[in-house]
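# Examining the three-dimensional arrangement
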Amino acid sequence: MAGLQAGAPAPQDITVHSQSRVLEISFSDGASFRIPFELMRVYSPSAEVAGHGPGQEVLQTGKREVTLSGLEPVGNYAIQPSFSDGHDTGIYSWDYLYFLGSQQDKLWADYHARLTAAGVDRDAPMPQKAGSSCASH
């Protein structure tokens with residue numbers, strides 16, 4: 001999901017709703033989604049969150065109140081949000097935003113299951129890390 005697949009729906013309108021903390025996005029196929037900033041942050045496609053491969057994902061907590069402090073276009077295929085917690089390395093392709101919007105229920109259920117399995121609360125602060133996991137590879 002790194003780029004825009006040929007024939008995939010393209011965004012027609014993107015609106016940041018700061019108070020309700022959602023990104024509203026409408027696509028060329030008529031689909032429209034309201035994606036919570038928390039969901040975007042928890043499922044950031046960055047290596048810091050997604051890891052460098054399956055099983056390397058870093059469970060995100062304490063993101064319920066996260067807001068967007070910036071939103072930049074990346075070519076004609078993606079956006080790069082800056083979040084209030086300082087995270088700004090995820091590049092969200094149109095395909096990935098469509099996936100987040102269309103699979104919200106499943107993604108929330110998976111997130112809650114991962115929290116339960118880890119024995120952590122959704123609002124727990126993120127543990128401090130000793131160093132960047134990306135730099136150690």
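Below is a summary of the structure that appears in this document. This one's a predicted model, so the numbers in the text were calculated from it and none came from an experiment.

This paragraph deals with the overall build of the chain. Along the chain, the regular secondary structure elements total four helices and six strands. Going from N to C terminus, the chain has its helices and strands arranged as β-β-β-α-α-β-β-β-α-α. Counting only residues that meet the buried cut, the chain has 34% of its 137 residues in that class. Relative to all contacts within the chain whose residues are 6 or more apart in sequence, the contacts with residues 24 or more apart total 50%. Total accessible area on the chain is roughly 7,500 Å²; 51% of this is exposed by carbon and sulfur atoms.

Applying the stated criterion across every chain yields a total of six aromatic pairs. Between F27 and Y98, the ring centres sit 4.8 Å apart and the planes meet at 70°, which makes this aromatic pair edge-to-face. You can see F27 sitting in strand β2 (residues 22–27) and its partner Y98 sitting in helix α3 (residues 94–102), a full 71 residues away along the chain. Each residue in the set F27, F33 and Y98 is aromatic and connected to the rest through ring pairs, giving one cluster.

Conventions adopted
- Residues numbered from 1 in each chain as written.
- Predicted model: local features only at pLDDT ≥ 70, side-chain atom pairs only at ≥ 80, totals over all residues.
- Heavy atoms only, no water.
- Helix = DSSP H or I, 4+ residues; strand = E, 2+ residues; numbered from the N terminus.
- Buried < 20%, exposed > 50% of the residue type's maximum accessible area, 1.4 Å probe, protein only.
- Contact = heavy atoms within 4.5 Å.
- Areas by Shrake-Rupley, 256 points an atom, 1.4 Å probe, with all protein chains shown as cover.
- Phe/Tyr/Trp six-rings, centres within 6.5 Å; stacked < 30°, edge-to-face > 60°.

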